[in-house]
Number of protein chains: 2
Amino acid sequence: MAEEGVAGLSLATVARRLGIQPPSLYKYFPSRHAVYDALFRRGQEGYLEAVRRGAGPHEPGLAAMGPSLEAGARWIMENQVLAQLMFWRPVPGFTPSPEAYAPALAVHEHFAELIRAAVGRGELHPDAAGEEGLALAASLIAGPVSQQLSNEPGASYEEGRFTRLVPRLPAVFAAVYPPP
Amino acid sequence: MAEEGVAGLSLATVARRLGIQPPSLYKYFPSRHAVYDALFRRGQEGYLEAVRRGAGPHEPGLAAMGPSLEAGARWIMENQVLAQLMFWRPVPGFTPSPEAYAPALAVHEHFAELIRAAVGRGELHPDAAGEEGLALAASLIAGPVSQQLSNEPGASYEEGRFTRLVPRLPAVFAAVYPPP
DNA sequence: TAGCTTTGGCTACTGCCTATAGCCTAAGCT
DNA sequence: AGCTTAGGCTATAGGCAGTAGCCAAAGCTA
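Note that the structure is a prediction, hence the values are computed from the model and not measured. (Residues numbered from 1 in each chain as written. Chains lettered and ligands numbered in written order. Predicted model: local features only at pLDDT ≥ 70, side-chain atom pairs only at ≥ 80, totals over all residues.)

## A word on the overall build of chain A
Along chain A, the regular secondary structure elements total seven helices and zero strands. For chain A, the spread of C-alpha atoms along the principal axes amounts to about 65 × 35 × 30 Å. Going through the 180 residues of chain A one by one, you find that 43% of them count as buried. Restricting to contacts in chain A with at least 6 residues of sequence separation, those with at least 24 account for 66%. (Helix = DSSP H or I, 4+ residues; strand = E, 2+ residues; numbered from the N terminus. Buried ≥ 20, exposed ≤ 12 C-beta atoms within 10 Å, placed from the backbone. Contact = placed C-beta atoms within 7 Å.)

See the structure below:
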């Protein structure tokens, strides 16, 4: 996948590298899509853990949002292939199972919680926690990440021309939703 | 491609729908990647024309940026499959030829020009036209578009939960780079 | 008008892929 | 001691990209 793109995964190649015959893989996974589903799940779980750990020690609110976003972006740059599978839809016909998708909902809830906390502390306008505010927050994260993955893949979090913007995102968001 | 994802394009299926045998397609395109390249180019040209036409009547500057972004986002939602090919990298092994990529550079230059004009008119801080400002501008566009394509494909520009944010982007950008 | 070239179709084929059917051996459990 | 299960295998079907090479009709040229 790293060499040829996410959709380039071939079970035959996997088998070859494992030193077994292709059909033997079907003892472990019922189909190629099942392999993708397992990868998708593993990716979502890793990403969820990264954003949670990033927020970790900080008070819930804007102060936690920055480190959490950065930790997430760093995880993505270290797991680009999984990120492509998770955030784009590169594999024809593949849609993740609800179990595999569950951690993604938890990530969304994690950031919604941080934003609500920030509103509670008077750091943001209450609208920030509304549907549109959350959509904007999600888009603000997705932007640099998507640009980085498609225009400068291979770059690390530190080098990236777009990932460098991530630490500034909380300030951008706060500028859009200043406290009343 | 619309039915199964960009990477799901099969020359055999194309041939079947054209009512010819698969090898006959090779009289027109030397390979599957060449088909993608032609699509990529056509997409980039269409998108470039859309953002240019969107800016069309307006004075160069912030006033033109809004309509231009909206026109671009609308084009993307009307040509989602091409947009996936252009803005993501879904096809294993495919990288566009320089000729096909040229219009993408023109799009970048188009928005850089609008931002420089806005700076010249005192609507934005000069830093907005710097490297980081342009990267942020590009990310601001990419964010809602990417979210929309991966989370709510199928939706039209008007319906989209994320495309609705596009008209607000110039104000967001201006909030980050207020004139001195 | 006669003959050559080009265009655009075709069949046959190679090699790769996913997936299924069904065989077999060895380990583990009862 | 015997049954079950795990995990390997071969053979095979059917789909795909791409190549080789044939052929007819259209168009161009002497």
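From this point on, the discussion continues.
## Side note on the relation of the copies chain A and chain B
Taken as rigid bodies, chain A and chain B are interconverted by a rotation of 180° and an axial shift of 0.1 Å, the fit giving an RMSD of 0.1 Å. Such a combination of turn and shift is consistent with a two-fold rotation axis. Considering only C-alpha atoms, the residue of chain A closest to the rotation axis is G143(A), which sits at 1.7 Å. Comparing interface residues between copies, 100% of those in chain A also sit at the interface in chain B, which points to an isologous, same-surface contact. (Least-squares fit on C-alpha atoms with pLDDT ≥ 70 in both.)

## Here we look at the interface of chain A and chain B
Contacts between the two partners involve 28 residues from chain A and, on the opposite side, 28 residues from chain B. For the side of chain A that touches chain B, the elements supplying multiple residues, two or more each, are α6 (131–151) and α7 (169–176) of chain A. Sorting elements by how many residues they give to the side of chain A that touches chain B places α6(A) first, with 11 residues.

## Focus: the packing of α7(A) against helix α7 (residues 169–176) of chain B
Running from N to C, α7(A) and α7(B) point in directions that differ by 115°, and their axes come no closer than 9 Å. When the interaxial angle is binned, α7(A) and α7(B) end up roughly perpendicular. When the axes of α7(A) and α7(B) are compared, the crossing they make is right-handed. Between α7(A) and α7(B), the contacting residues are V172(A), A175(A) and V176(A) on the first element and V172(B), A175(B) and V176(B) on the second. Considering only residue class, the contact of α7(A) with α7(B) consists of six nonpolar, no polar and no charged. (Axes fitted to C-alpha atoms, helices over the stretch in contact; angles between N-to-C directions. Parallel < 35°, antiparallel > 145°, perpendicular 65-115°, else oblique. Left-handed = near helix turned anticlockwise from the far one by under 90°. Nonpolar A, V, L, I, M, F, W, Y, C, P; charged D, E, K, R; others polar.)

## Let's talk about the protein's contact with DNA strand C
Surveying the vicinity of DNA strand C reveals 14 residues, the closest of which are A12(A), P23(A), R32(A), Q21(B) and P23(B). No other element matches helix α1 (residues 11–18) of chain A, which puts three residues into the surface near DNA strand C. In the surface near DNA strand C, the residues fall into seven nonpolar, five polar and two charged. (Near = placed C-beta within 6 Å.)

## Brief notes about the packing of α6(A) against helix α6 (residues 131–151) of chain B
Interaxial distance between α6(A) and α6(B) falls to 7 Å at its minimum, and their mutual angle equals 105°. Comparing the axis directions of α6(A) and α6(B) gives the class roughly perpendicular. Note on element contacts: α6(B) touches α6(A) through A138(B), S139(B), L140(B), A142(B), G143(B), P144(B), S146(B) and Q147(B), opposite A138(A), S139(A), L140(A), A142(A), G143(A), P144(A), S146(A) and Q147(A). Of the residues in the contact of α6(A) with α6(B), the class split is eight nonpolar, eight polar and no charged.

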